[in-house]
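Examining the three-dimensional arrangement
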Amino acid sequence: MTRLFKFIIPYRKTLILVVMLLFLQTLGTLYIPTLTADIVNNGIVYGDIPYIIRTGGIMLLFAVLTGIFAILGTWFSAILSSGTGRDIRNALFRKAQRFSINDFNSIGTASMITRNTSDVNQIQQALIMVLQMMLPAPIMAIAGLILAFSKNAFMGGIIVVTMVIFMILAVIIERKTMPLFGLLQTGMDKINRFMREYITGVRVIRAFNRTDFERRRVNTSFEAYAQTAIRINKIFAVAMPLVLMLLNLCTLAIIWFGGIQIGQGAMEIGDIMAVIEYAMLILFYLVMAVMVFTMIPRAEACAKRISEVLELDPEIADAPAELTAELSEEKLAFHHVTFCYQGAEEPVLSDLNFSCRAGETTAIIGGTGSGKSTIASLIPRFYDIQAGTITIDGVDIKTLSQKTLRDKIGFVPQKAFLFSGTIADNLRYGKEDATMDELRRAARIAQADAFIGDLKYGYETRVAQGGNNFSGGQKQRLAIARALVKKADVYIFDDSFSALDFKTDANLRAALKAEVHGAAIIVVAQRVSSIVDADQIIVLDNSVIAGKGTHRELLENCPVYREIAESQLSKEELA
Ligand SMILES: Nc1ncnc2c1ncn2[C@@H]1O[C@H](COP(=O)(O)OP(=O)(O)OP(=O)(O)O)[C@@H](O)[C@H]1O
Ligand SMILES: [Mg+2]
């Protein structure tokens, strides 16, 4: 919780203002019953009309002033709580941008979303409630009791006894509801997780006729959430009438014993009205304060979840001092690289050695799950390797800042992902100021120019979320063009040609070779035909390099490669 106070500090002036306004508002509210008592005692009892009018006027003035304080108080607390909410969200987002993939996994995507939305909301609401409902309670209690005791000590006593009974009741309710509020938040996490999966996987779910199964699964999580909420409300359903009864008993006691006091001449009639009013105000604010108090543990749970994110040290950090890399012929090299996924027992890659030179194409081939994509994701440092070094332009990538490193890389992921916006927006993703000519050139190399030209709005065509209004092959080509717009030293194409037909694939490779100079090109492929003319082919098998060389060389001396090639190419092609 204390971690989050940091976010309120910039608003301390607003906070002080809110507290002052609350103080004035509370005193104003309490002054009105005192004036009522005066009107009754001095005005009505003696039939003094001018006194009634005068005091009534003062009352009106105070009512208006109190109203203004209340409005300003609410206004400033809204500024404070929304500002704090925004700052927390910004901090969460900034932090998340530095997270590695493992960091994300350790928290969970769905949970990240709940934390940034619902958790922050809870804190925001709690903040505004604490300011508006809880802070006035002690002021109201102290000032109200002083006023009540000044009217009549016995009456003050009745209010104190009621307060004590109420507090005991509140503690009992608190004990019962507290754990349930914790359950609500984790329940929300679960709902988000299922909903996310349900929405992103809707095609698979329908194709497999699993709609009912999924509905049951999602419903269970809704049901659990609802049951918890109902249990909480059941407790409140019993508690609320009890509290109301307590308030009524208090009023009854004041009237009863007040009547006796008046009979004895120890109190005036108007004072009873004032005391009832004080009692109601004190107890009302106390009830409010207790209700808000039940929100605090929930907000605290949220605050804890948010701090977890804010305090998580990103696994992949920049080296303190950055080495500058001189451009070199050897663009990329792996030296004895061994990598194991977190939690996995066996390394996916062991003792990998290879280097890629400027202007050359290096192809990586191997069965599914042999670690091709893993190699691709090690280069931009999505994961850190356990042993060995990866160098770009002769410099260990760990000594470069992540920004410098990633600036040098043009990356086409295996699963093409586009952002909502226009085609041009997407192509400019790696170079915001790219000209139309640059976009066209990249699109031409990526063989995307023709199909973009056929679209009614060309480069201004809208791309739906995730690029879902394009075919798999179109998406891949746009993703390739996006990487090419960016000037990079190393281009990585992770199985990016797989959704292209043979002709497009061949044209694309020819264009790449002709147009991209000075950069190393890494092509992960499944199809031997896509890589026959690569300068160097790396064959992955069982986490090690089974062969390295050109198509010809490998056919001769790498059995693993020959097997792959023979299964895909005809006798004539092999010859
Ligand atoms: N995030 C991950 N966490 C743990 N293990 C992973 C992760 N990603 C991949 N793996 C494992 O690492 C191995 C290599 O995966 P990788 O994605 O690199 O294969 P690939 O060669 O690209 O396969 P494909 O040709 O199917 O794309 C697989 O056995 C896979 O189970
Ligand atoms: Mg892969």
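Residues numbered from 1 in each chain as written. Chains lettered and ligands numbered in written order. Predicted model: local features only at pLDDT ≥ 70, side-chain atom pairs only at ≥ 80, totals over all residues. Heavy atoms only, no water.

Under the criterion given, the structure shown has two cavities of 30 Å³ or more. Approximately 100 Å³ is the volume found for the largest cavity. Lining the largest cavity are F166, A170, I173, E174, F236, A239, M240, V243, V287, V290, M291 and T294. Looking at the lining of the largest cavity, the elements with two or more residues in it are α7 (153–200), α9 (211–263) and α10 (269–311). When its residues are assigned to classes, the lining of the largest cavity shows ten nonpolar, one polar and one charged. By volume, the second largest cavity is sized at about 50 Å³. Lining the second largest cavity, in full, are D495, S496, F497, S498, V524, A525, Q526, R527 and S530. Residues belonging to the lining of the second largest cavity are distributed by class as follows: three nonpolar, four polar and two charged. (1 Å grid on protein atoms, 1.4 Å probe; cavity = no way out; pocket = protein on both sides within 12 Å on 5 of 7 lines; lining within 4 Å. Points joined across faces, edges and corners; volume = space filled by probe spheres on them. Helix = DSSP H or I, 4+ residues; strand = E, 2+ residues; numbered from the N terminus. Nonpolar A, V, L, I, M, F, W, Y, C, P; charged D, E, K, R; others polar.)

The next thing to look at is the domain arrangement of the protein. Assigned domains within the protein: domain 1 (2–311) and domain 2 (330–574). One C-alpha centre belongs to domain 1, the other to domain 2; they are set 56 Å apart. Of the residues lining the interface, four residues belong to domain 1; the matching set on domain 2 comes to four residues. Both faces considered, domain 1 and domain 2 share a buried interface measuring about 390 Å² in area, 48% of it formed by carbon and sulfur atoms. (Domains from an automatic or database assignment. Contact = heavy atoms within 4.5 Å. Buried area = accessible area lost by both parts, 1.4 Å probe.)

Let us look at the side chain of D271. Positionally, D271 belongs in helix α10. A polar contact is formed between the side chain of D271 and the side chain of N41, at a distance of 2.9 Å. (Polar contact = N/O pair within 3.5 Å; in protein donor to acceptor, adjacent residues only side chain to side chain.)

Quick look at the coordination of the magnesium ion (ligand 2) now. The coordination sphere of the magnesium ion (ligand 2) contains the protein donors S373 (OG) and Q414 (OE1), at a distance range of 1.9 to 2.2 Å. Residue S373 is located in helix α11 (residues 372–378), and its partner Q414 is located in the loop between β6 (409–412) and β7 (421–422); the two are separated by 41 residues in the primary sequence. (Donors = N, O, S within 2.8 Å, 3.2 Å for Na, K, Ca; no water.)

A separate point is the sheet that holds strand β4 (residues 387–392). Within the open sheet, the four strands sit side by side as β2-β1-β4-β5. Their pairing is antiparallel. Where the open sheet ends on each side, the last strands, each with one partner, are β2 (349–357) and β5 (395–396). Summarising the sheet, strand β1 (residues 330–339) and β2 pair through six bridges and their orientation is antiparallel. Directly across from A333, in β2, lies its bridge partner S355. (Pairing = 2+ DSSP bridges.)

Further remarks concern the packing of α9 against α10. Contact geometry of α9 with α10 gives a least axis separation of 10 Å together with a crossing angle of 160°. Taken together, the axes of α9 and α10 lie roughly antiparallel to each other. In this structure, α9 crosses over α10, and the sense of that crossing is right-handed. Contacts between α9 and α10 involve Y225, F236, V243, L247, C250, T251, I254, I255, G258, G259 and I262 on the former and, on the latter, I269, I272, V275, I276, A279, M280, L283, V287, T294 and R298. A class-by-class count of the residues in the contact of α9 with α10 yields 16 nonpolar, four polar and one charged. (Axes fitted to C-alpha atoms, helices over the stretch in contact; angles between N-to-C directions. Parallel < 35°, antiparallel > 145°, perpendicular 65-115°, else oblique. Left-handed = near helix turned anticlockwise from the far one by under 90°.)

Attention now moves to the nonpolar core. Ranked by internal contacts, the top residues of the largest apolar core, which has 53 residues, are L478, L484, F493, L512, I537 and Y561. Not counting residues up to four positions away in its chain, the partners in contact with L484 are A442, I445, A446, Y491, F493, L512 and V516. Ranked by size, the runner-up nonpolar core spans 35 residues in total, among them L30, A143, A170 and L247. (Core = buried A, V, L, I, M, F, W, Y, C linked by side-chain atoms within 4.5 Å. Buried < 20%, exposed > 50% of the residue type's maximum accessible area, 1.4 Å probe, protein only.)

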